[in-house]
Amino acid sequence: MLVAMPISTEHVGRRYLAEPITVTAQKIQEFADALGDPNPAYRGPDAIAPPTFAITLASFEAVLDDPELELALARTIHMDQSFEHARPLRAGDVVVPVASIEKVRSRGATDMITVAITLDTVDGEHVATATANLFHSREEDA
Amino acid sequence: MTTLTIPLTREKLVRYAGASGDFNPIHYSDHFARKLGQESVIGHGMLTMGLAMRLVTDFAAPEKVRSCRFRFKRPVPVPDDAEGAALHLELEASDPDDMGVITCSLTARVGDDVVGSGKAEVVA
């Protein structure tokens, strides 16, 4: 019988595989426009993406939605974010986001959770890794 | 040092939410933001980072960015008016190291408060 446990070091290494996503020129342009960045590199059919665009493919929602971990977006603060790029994402890339829980440090009713999301193409080319540190507070008992 | 000042308005938050897929209500609902202890809607930390990275990709082309990181130090309340929050962004670039890598130090301020800081590594 599975007993839900709140997030702990036991969950380090848990991975979440997402469906392949296609990077589109339209989405890159929308993102560049949202940043107010007129750089022509982000426009046209061969657009490359700005460095933080990877966040649109690398959401840590899968981790927050894992019922076993007892996490909640409303109790989570995004502390910091990093990206490492082998090359920019570009229009036409089909990437498979894989999220993994890298670290869990718990203290009292709070957890510091590190989630790393790799973005490799369906052909196995590594493009980028996005790593987030999340500060989570547990639900207070009634 | 290069700088950029962006009026962070509610409209920009709306556009960024749609573009990034981050629909956390704390970024569009004053009611929800206040329930979570904020004075009002706050901006996405990732929006501040994306705006700061504009300085980097203007300094060195986007494809030269090998890595970047940003810490979200303080929430950025965004008033519901025409001016929004005046987000002041700064970049300081190091000399290239032995591998030809330049480190860009980034700071984001609203008034006297540092709301975020980070670094980006670009190849020369």
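With an unreviewed UniProt entry as reference, chain B is termed Acyl dehydratase, source organism Propioniferax innocua.

With an unreviewed UniProt entry as reference, chain A is termed Acyl dehydratase, source organism Propioniferax innocua.

Draft legend 1. Representation of the UniProt feature "domain: FAS1-like dehydratase" (unreviewed entry) in chain A. Under the UniProt annotation, the feature "domain: FAS1-like dehydratase" (unreviewed entry) is placed at residues 11-129 of chain A. Between the first and last C-alpha atoms of residues 11-129 of chain A the distance is 20 Å; the span itself is 12% helix and 38% strand.

Draft legend 2. Representation of the state of the cysteines. All names here are of chain B. For the structure on display, the rule yields 0 disulfides over all chains. With no disulfide of its own, cysteine 68 has cysteine 104 as its nearest cysteine by sulfur position, at a separation of 10 Å. Given a relative accessible area of 1%, cysteine 68 falls into the buried group. Among the residues examined, cysteine 104 registers a relative accessible area of 0% and is labelled buried.

Draft legend 3. How the structure looks around the environment of leucine 8 of chain B. Residue and element names in this part refer to chain B. Here leucine 8 is to be found in strand β1 (residues 2-8). In this structure leucine 8 comes out as buried when scored by relative accessible area, which is 0%. With 20 residues separating them along the chain, leucine 8 and tyrosine 28 place their C-alpha atoms 13 Å apart. The residues contacting leucine 8, other than those within four sequence positions of it, are Leu13, Leu47, Leu51, Val76, Val78, Glu83, Gly84, Ala85 and Leu87.

Each value, and the rule that gives it
Residues numbered from 1 in each chain as written. Chains lettered and ligands numbered in written order. Predicted model: local features only at pLDDT ≥ 70, side-chain atom pairs only at ≥ 80, totals over all residues. Heavy atoms only, no water. UniProt positions renumbered as here; feature names shortened; annotations may be inferred. Helix = DSSP H or I, 4+ residues; strand = E, 2+ residues; numbered from the N terminus. Disulfide = S-S within 2.5 Å. Buried < 20%, exposed > 50% of the residue type's maximum accessible area, 1.4 Å probe, protein only. Contact = heavy atoms within 4.5 Å.

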